[in-house]
Amino acid sequence: MWKQFLSKLPRKSSGSGESGQGSNGSGIQRTSSCGTIPQSRPASAIRRMSSAVFPSSVVAGIEPLVSFKDVPNSEKQNLFVSKLSLCCAVFDFSDPSKSSVEKDIKRQTLLDLIDYVESTNSRFSEPVIAACSRMCAINLFRAFPPNCRSGSSGGEGDEDEPMFDPAWCHLQLVYELLLKFIGSSSLDSKVGKKHFDHSFIVKLLNLLDSEDPRERDCLKTILHRIYGKFMVHRPFIRKAVSHIFYQFVFETDRHNGIAELLEVFGSVISGFALPLKEEHKMFLWRVLIPLHKPKSVGLYLQQLTYCVTQFLEKDPKLASSVILGLLRYWPITNSQKEVMFLSEIEEILESTSQVEFQKCMVPLFRRIAHCITSSHFQVAERALFVWNNDHVISLIAQNRQAIMPLVVPALEQNTQNHWNQAVLNLTANVKKMFSEMDEDLFSSCLTKYKEDEEKRAPVEAKRKLTWEKLESAAGFQPVTGHTAVLIGGQPSANLIATLI
């Protein structure tokens, strides 16, 4: 009877694209039933769901679906393999009413497998490990459909809702089984590394481009568990993840799992041994610093900043090179990103020593001075908030001879020209702080600024007069039709002298 029933299970079908349920260190939350879509999602969100492309699956002959408690211990691993083979059947969830009985049987079988992995104390045999790897690969590894939102800016204002997969009630259980199987003490890492190999890891990393945050969260936890379990795979994982970052920064400018990958690497960096290897420093300079370049940096800035600060905790001597790297990618034309960069700069300065600060303070405060005079009030305000940090004030005070001449002119320009009252108030506070810090130096900087302004006034007047004369000369030539305009006659000697 079971063979007749199993023969009806589909041999080739397709499941849905993105999936994922929030996970934490202890496991993966389960949804209650298949085909359930959150009620808050509009009908258009359901229509957007696209089926992913699954590989063919073949169901081998299986023993009856008895419970693990009904078989002796010597047969439990054989039953485990049989249940894994049954779960290799992949169903089409686009039609909730299709194969509903078979779907329920597979779901219950997956739950049985998870319970067995959690409760067993017996070491998994190699056939069990191979069967588990194969079942997870058949169910999880799939090609996502083309991204219909590839033109999205990816910024914080992007309000596109994540797409949910109706097959999630099965996929989440496969992810949970994989997580618990890899984390189980019954799995021998020396045997497991042969089946959870480089090919498996690369395909797992490819799934992180899923648009569903639930799936990405599961993958983040599993990737971290694999990195901790199989030490031999660690260099390869770092290299593969770096390749994803390179593609994102220098080629595609889009990837949905950057934040999750950085979150994993935040923990990885904290485990680096000292002194740091050259490979790890190159990851900082060639991967983490260029990751500030994409316009969607706001989506993963928190995780990126954490990774950078972890490096600085390991080796404080990297602070100056990090700050100079950020200045290289400074978003001059993007005010929103400027505010983010200023926040990160302040966080980095909190752990920067006096020696490292002196290596980068001149270009840094030249850039901060530009931000202070920004017409965008949030940029100017954020730049002035730097003076609320006690450690930064201490660094500035000890190097005021170099910093004050850069910043005081910007403060004076704000006092005279800025339109925002909050910026004006902050500017007055910083000026007062500088005056109390070193009144003589502050006064000399103000005096020099006024002298420079007095010298600049005649130059500006001369430039204005030149343009007025050019406009006057051009006005004598009539413009008709679409012909090119040529100023006729010989220019006067005074005009030539003025232009020169």
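For the structure itself, look to the data block above.
What comes next is a walk through the structure. (Residues numbered from 1 in each chain as written. Predicted model: local features only at pLDDT ≥ 70, side-chain atom pairs only at ≥ 80, totals over all residues. Heavy atoms only, no water.)

Regarding its fold elements, the chain presents 22 helices and 2 strands. By residue count, 47% of the 500 residues in the chain fall in the buried class. By sequence separation, contacts in the chain at least 24 residues apart represent 78% of the contacts at least 6 residues apart. With the model as given, the accessible surface of the chain reaches about 25,000 Å², and the carbon-plus-sulfur share is 52%. (Helix = DSSP H or I, 4+ residues; strand = E, 2+ residues; numbered from the N terminus. Buried < 20%, exposed > 50% of the residue type's maximum accessible area, 1.4 Å probe, protein only. Contact = heavy atoms within 4.5 Å. Areas by Shrake-Rupley, 256 points an atom, 1.4 Å probe, with all protein chains shown as cover.)

Let us look at the environment of arginine 216. Along the chain, arginine 216 falls in helix H9 (residues 213-229). Sequence separation between arginine 216 and glycine 257 is 41 residues, and the spatial gap between their C-alpha atoms is 6.6 Å. Reaching out from arginine 216, the side chain makes a polar contact with the backbone oxygen of serine 210 at a distance of 2.8 Å. (Polar contact = N/O pair within 3.5 Å; in protein donor to acceptor, adjacent residues only side chain to side chain.)

Turning next to the pattern of salt bridges. With the rule as written, the count across this model stands at 17 salt bridges. Residues glutamate 279 and arginine 238 are paired through a salt bridge, measuring 2.9 Å at the closest nitrogen-oxygen approach. Taken together, the positions of glutamate 279 in helix H12 (residues 278-288) and arginine 238 in helix H10 (residues 234-252) put the pair 41 residues apart, joining distant regions of the chain. Within this structure, Asp217, Lys220 and Glu263 form a network of salt bridges that share partners. (Salt bridge = Lys/Arg side-chain N within 4 Å of Asp/Glu carboxyl O.)

Now for the side chain of histidine 233. Following the sequence through the fold, histidine 233 ends up in the loop between H9 and H10. For histidine 233, a relative accessible area of 5% translates into the label buried. In this structure the side chain of histidine 233 is engaged in a polar contact, spanning 3.3 Å, whose partner is the backbone oxygen of lysine 193.

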